[in-house]
Structure formats: C-alpha cells, structure tokens
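Geometric and topological summary
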Amino acid sequence: MVRKFFVGGNWKCNGTAEEVKKIVTVLNEAEVPSEDDVGNGPFFFSFAEVVVSPPFVFLPVVKGLLRPDFHVAAQNCWVRRGGAFTGEISAEMLVNLGIPWVILGHSERRSLLNESNEFVGDKVAYALSLGLKVIACVGETLQQRESGSTMAVVAAQTKAIAANVSYWDNVVLAYEPVWAIGTGKVATPAQAQEVHLELRKWLHDNVGAEVAASTRIIYGGSVNGANCKELAGQPDVDGFLVGGASLKPEFIDIIKSATVKSQL
Ligand SMILES: O=C(CO)COP(=O)(O)O
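Residues numbered from 1 in each chain as written. Predicted model: local features only at pLDDT ≥ 70, side-chain atom pairs only at ≥ 80, totals over all residues.

**Observations regarding helix H8 (residues 150–162)**
If you check H8, its first and last C-alpha atoms are 18 Å apart, about what 13 residues at 1.5 Å a residue would give, namely 18 Å. Within the span of H8, buried status applies to Thr-150, Val-154, Gln-157, Thr-158, Ala-160, Ile-161 and Ala-162. Packed against the buried residues of H8 are helix H6 (117–129), strand S5 (133–138), helix H7 (142–146), strand S6 (171–175) and helix H9 (189–206). (Helix = DSSP H or I, 4+ residues; strand = E, 2+ residues; numbered from the N terminus. Expected span 1.5 Å × (residues − 1). Buried ≥ 20, exposed ≤ 12 C-beta atoms within 10 Å, placed from the backbone. Contact = placed C-beta atoms within 7 Å.)

Right under this line is the structure:
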C-alpha cells in the first residue's frame, strides 16, 4: 500500500510579513528529492507531500509565493457556514482563496480554547463537506499517559473524527502527544510507533482494512532535523507535523527524511 510521506509545517502564531517571506524563500530554494530518488524502494514510497501552515493573515502571500509542488494549510476554520461569528474564518473563505488544507483539533485549540472531541468532529465534517483536506490532530497529555489512558484518549478523539469522515483520502491523522509539543521532549521512535500502530488497528477495526492501510498517520511533537530520520524509520510513521523546526532551515532536513522510507 502506498502511503505518500507527508510533512506539515505548523507555523502557529508566529512571524512577521518579512520573516514569512524569508521562510518561503528557503523552502523555494531547497533541493528536495524527486519521486525517482525515493520511489524505487520495496514500498514504492514517492516523495513527500509538503504542506505549510502560516497564520491566516499570511495565507494569501505564502500561497502566492510558494513553489507549486508545496501546498498551504489553514490552522483552523469555523465549524459551520460563515456568518455572524466575529473573529472566525470560515471554510468557505478558505475554499474561495484556494487553500486546499486545514489543520483541525490541534491540542493547543483543544486545551486553550476548550475545543471538545465533538466540536472537532463537527469541524472535520463541515470542512470535508466543502472539499477541504483535513489534518486532524489527536494526542494525550502527560497525566493521561502516566495514568495509562493514552490509547483510550486517542481512540475517543479519533472516533469523534472518524464519525464525520466518509472519504478518507482527504484526511491525514496527526498523533501529537501534548507532552512532546514545544517541550523539546520528543516521543521515542518506539513510543510513536506503538501509538501509530494502535491507531492503525483502531482504523482497521472501526473503519476498514483499506482505510487503515492507506491513511497517513503522522507524528508531531519536538520533531527536528536530528531526530526525524529515526522516527521516519518506524513502519507506521508516515510523516510529521512540525512546529518550531518548521520555521527554520532544518525543516528541509525533515522533508528529506522521506528518503528513509525507500531504504527500509
Ligand atoms: O504542535 C506541533 C505541530 O502541530 C508540534 O510543535 P513542536 O514541533 O514545536 O513541538
């Protein structure tokens, strides 16, 4: 089963107009492997799908300047049709601007803005209904991990997402343990693989074998240029959602870790 390696850069609430242009220049000048470089391994992985997610206000400029083989994502969108919702950005607006992807259910929104599993599920449903592709995030807190409830937590989050998906080709599942986000404390490759495998089993048992085999499950949480290769070597890690390091030139090294798949 071909699962194209996926590397997302979540810029979060960072950057000035000048800084954003500089990051785009670095991305545009990067030499990244072609499909030929990585497409001949036993799993026929082709070169990574790269999606960067600037803050809303920079989306048009980034989309306008970014190389055509990389794409952009919004970091959120409103749960239903736009209207009298001050401060919100609707899925219709993203479609209107030609933004193909949206990140939904990020842990920072779940914890800081109280987004529940159901609310995230409703957002997923609405975004998908308009043809947007969704990076849907799940992940446990340190307390949940230490109390042994990691799988129960991510399964409940995934269930609320899955209940709203009928076409899985437009969904990437991002496993982002909260304790690893922005902390410099990355999950070990074994810890990441363990949860990714469980998530794939969950998809197998609750959605179907084909969806489980074809859906990209990506890891996020303190991924950097130094740890990405070992993580990418895990069989059920299909790419990354990168925060801090996506603002730096080492993001290119993370993209290049896609080549690890062809060497497995
Ligand atoms: O939240 C993340 C990506 O969505 C991960 O952030 P860091 O890579 O900064 O830990």
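Resuming the write-up.
**Observations regarding the site of the ligand**
Around the ligand sit 14 residues in total, of which Asn-10, Ile-181, Gly-220, Gly-243 and Gly-244 are the nearest. Its residues assigned to classes, the shell around the ligand shows 5 nonpolar, 8 polar and 1 charged. (Near = placed C-beta within 6 Å. Nonpolar A, V, L, I, M, F, W, Y, C, P; charged D, E, K, R; others polar.)

**As for the pairing of strand S2 (residues 49–53)**
Taking burial as the measure, the 5 residues of S2 include 5 buried ones, the bulk of the element. Going residue by residue along S2, you find Glu-49, Val-51 and Ser-53 tucked away on one face and Val-50 and Val-52 tucked away on the opposite face as well. When strand S1 (residues 6–10) meets S2, the two strands line up parallel, connected through 5 bridges. Paired with Gly-8 across the two strands is Val-51, which belongs to S2. The parallel pair S2 and strand S3 (residues 70–74) is bridged by helix H3 (residues 59–65), and the resulting crossover is right-handed. (Pairing = 2+ DSSP bridges. Right-handed = clockwise from strand over helix to strand, strands pointing away.)

**Some details on the packing of H6 against H8**
Taken N-terminus to C-terminus, the directions of H6 and H8 make an angle of 35 degrees; their axes are 8 Å apart at the nearest point. In the packing of H6 onto H8, the handedness of the crossing is right-handed. Listed contacts from H8 to Asn-117, Glu-118, Val-120, Gly-121 and Val-124 of H6 are Ala-156, Gln-157, Ala-160 and Ile-161. Looking at side-chain class alone, the contact of H6 with H8 contains 5 nonpolar, 3 polar and 1 charged residues. (Axes fitted to C-alpha atoms, helices over the stretch in contact; angles between N-to-C directions. Left-handed = near helix turned anticlockwise from the far one by under 90°.)

**Structural notes on the pairing of S5**
The buried fraction of S5 is high, at 5 of 6 residues. For strand S4 (residues 101–104) and S5, the ladder comprises 4 bridges, and the chain directions are parallel. Directly across from Ile-103, in S5, lies its bridge partner Ile-135. Summarising the sheet, S5 and S6 pair through 5 bridges and their orientation is parallel. Among the inter-strand pairings, Ile-135 is bridged to a residue of S6, identified as Val-172.

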